[in-house]
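Structure assessment
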Amino acid sequence: MFVAAIRAEGLYKVFGRRPDDVVRQLDEGASTEDVVARGATPAVIDVSFEVQPGEIFVVMGLSGSGKSTLIRMLNGLLTPSAGHVHVGDRDVSMLGAKELRQLRSEEMSMVFQHFALLPHRTVLENAAYALKVRGFDKETRDEKGRDALNLVGLSGWEDRLPSQLSGGMKQRVGLARALAAETDIMLMDEAFSALDPLIRREMQDQLIDLQHRLNKTIVFITHDLNEAMRLGDRIAVMRAGRIVQIGTPEEILREPADDYVAEFVKDVDRTRVLTASSVMEPVTEQAGSHDQYGRVSANTLLSDVFAMTERNPLPLAVVDGDNRTLGVINERTLLHAMVRADEGQAREQEASHG
């Protein structure tokens, strides 16, 4: 039987008095405004989802949407007011203090927004700190720490102190610490939000590259839609404590669940999210031999397809991993995709100029 890496079932987190009563009132149809007026703060409301092994599952929402509260319930830092979190086949809420510490050190590591480095320990000591807590000998933890620092491009910096590092390098040490712990699951709470845009993009590239090599299960929290679209295999969009849509970046972009999500995604550069398979047309017998067409893989981004058309005449055959033709991109389909992309970019420019 297949078991999800993480499974959340009907999660609630209510801050304030009598949370059980507040959960019952919300279940019976009371509005968030009603319970807030009575002195309670419902941060997470009836949230359910599954995260599959090896998946990057992004939880995206604005400040106050409940996403950071949610991630802290996944590893037991916060106890749900109602509902359950399962890691593998274990219910986190049923674990004792010792078992929770073991879960956080051996199965789920966490990368924070503000680095959380120990200022008087070296880069290597910070990277290997979780292993020290778990009782590994110095030789083993130094070896694993060096390996992790190499993965994030910090070989040669082992003996420096955090004060000698840039913000991006500090975040790499935080990522290395999570990697050195060798947990299957990584929780990343706004991990790149404190970085400037260029370094943030580099860290996203680094995470994508590491994921291709290590195949971790990652829950990534962000308020940035472009970051969510770039990193997520699937995205959960949160609003006022509730998940309003879960889907792949393409599904959310093409079929937003409501006006809130539609407003969120309207300015996204579609060419950097949609792939060749999302705009291709079915193969027809009248189209002629596809051996004469240029070829593009199904998961190629439209931005790359546009670049390819400068070298290859249309139409393009869209092929799978076995080089079998799945569909065709012709001038009409590409023109339609370009119009949609131009509309989004125009809205973005209009918004930026007030």
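Above this note sits the structure.
Predicted, not measured: the structure shown is a model, and the values here were computed from it.

**Topic: the packing of helix α8 (residues 167-180) against helix α9 (residues 197-214)**
Relative to each other, α8 and α9 sit at 20°, their axes nearing to 11 Å. With respect to their mutual orientation, α8 and α9 come out roughly parallel. The interaxial crossing formed by α8 with α9 has right-handed handedness. Contact residues: G168, Q171, R172, L175 and L179 in α8; I199, E202, M203, Q206, L210 and L214 in α9. Residue composition of the contact of α8 with α9, by class: six nonpolar, three polar and two charged.

**Observations regarding empty space enclosed by the protein**
This structure, assessed with the given rule, holds one cavity of 30 Å³ or more. Estimated volume of the largest cavity: approximately 30 Å³. Lining the largest cavity are L175, L179, M186, L207, L210, Q211, K216 and I218. Of all the elements in the fold, those that place two or more residues in the lining of the largest cavity are α8 and α9. Residue composition of the lining of the largest cavity, grouped by class: six nonpolar, one polar and one charged.

**As for the pairing of strand β3 (residues 56-60)**
Of all five residues making up β3, five are buried, and the element is well covered by its neighbours. Going residue by residue along β3, you find I56, V58 and M60 tucked away on one face and F57 and V59 tucked away on the opposite face as well. Pairing geometry for β3 and strand β8 (residues 217-222), over five bridges, is parallel. Looking at β8, one finds that M60 is bridged to T222. When β3 meets strand β9 (residues 234-239), the two strands line up parallel, connected through four bridges. Looking at the pairing, F57 lines up with R234 of β9.

**Structural notes on the layout of surface pockets**
Here the largest pocket defines a volume of roughly 970 Å³. Around the largest pocket, the lining is made up of 30 residues, and of these N226, M229, R230, L231 and R272 lie nearest the centre. Among the elements of the structure, α9, α10 (225-231) and α11 (249-254) are those that each provide at least two residues to the lining of the largest pocket. Counting residues per element, the lining of the largest pocket draws most heavily on α9, at seven residues. A breakdown of the residues in the lining of the largest pocket according to their chemical character gives nine nonpolar, ten polar and eleven charged. Two domains each donate at least three residues to the lining of the largest pocket, and these are domain 1 (51-75 + 89-269) and domain 2 (271-352). Estimates place the volume of the second largest pocket at around 430 Å³. Lining the second largest pocket we find 17 residues, and of these R104, M110, F112, A130 and R177 sit closest to its centre. Only α4 (97-106), β6 (108-111), α6 (129-133) and α8 provide two or more residues apiece to the lining of the second largest pocket.

**Things to note about the sheet that holds strand β13 (residues 325-329)**
Taken in spatial order, the three strands make up an open sheet running β11-β12-β13, and their pairing is mixed. Single-partner strands in this sheet number two, and they are β11 (294-297) and β13. Across the sheet, the mean angle separating the axes of adjacent strands is 35° when strand polarity is ignored. For β11 and strand β12 (residues 316-319), the ladder comprises four bridges, and the chain directions are parallel. Opposite V296, over in β12, you have V318 as the bridge partner. Against the sheet, helix α14 (residues 302-309) makes contact with β11, β12 and β13, and its axis sits at roughly 165° relative to β11, the strand it touches most.

**What to know about the side chain of N126**
Here N126 lies in helix α5 (residues 123-127). With residues up to four places along the chain from it excluded, the contact list for N126 reads L117, L118, R121, P162, V173 and R177.

Reading the values: the criteria
Residues numbered from 1 in each chain as written. Predicted model: local features only at pLDDT ≥ 70, side-chain atom pairs only at ≥ 80, totals over all residues. Heavy atoms only, no water. Axes fitted to C-alpha atoms, helices over the stretch in contact; angles between N-to-C directions. Helix = DSSP H or I, 4+ residues; strand = E, 2+ residues; numbered from the N terminus. Parallel < 35°, antiparallel > 145°, perpendicular 65-115°, else oblique. Left-handed = near helix turned anticlockwise from the far one by under 90°. Contact = heavy atoms within 4.5 Å. Nonpolar A, V, L, I, M, F, W, Y, C, P; charged D, E, K, R; others polar. 1 Å grid on protein atoms, 1.4 Å probe; cavity = no way out; pocket = protein on both sides within 12 Å on 5 of 7 lines; lining within 4 Å. Points joined across faces, edges and corners; volume = space filled by probe spheres on them. Buried < 20%, exposed > 50% of the residue type's maximum accessible area, 1.4 Å probe, protein only. Pairing = 2+ DSSP bridges. Domains from an automatic or database assignment.

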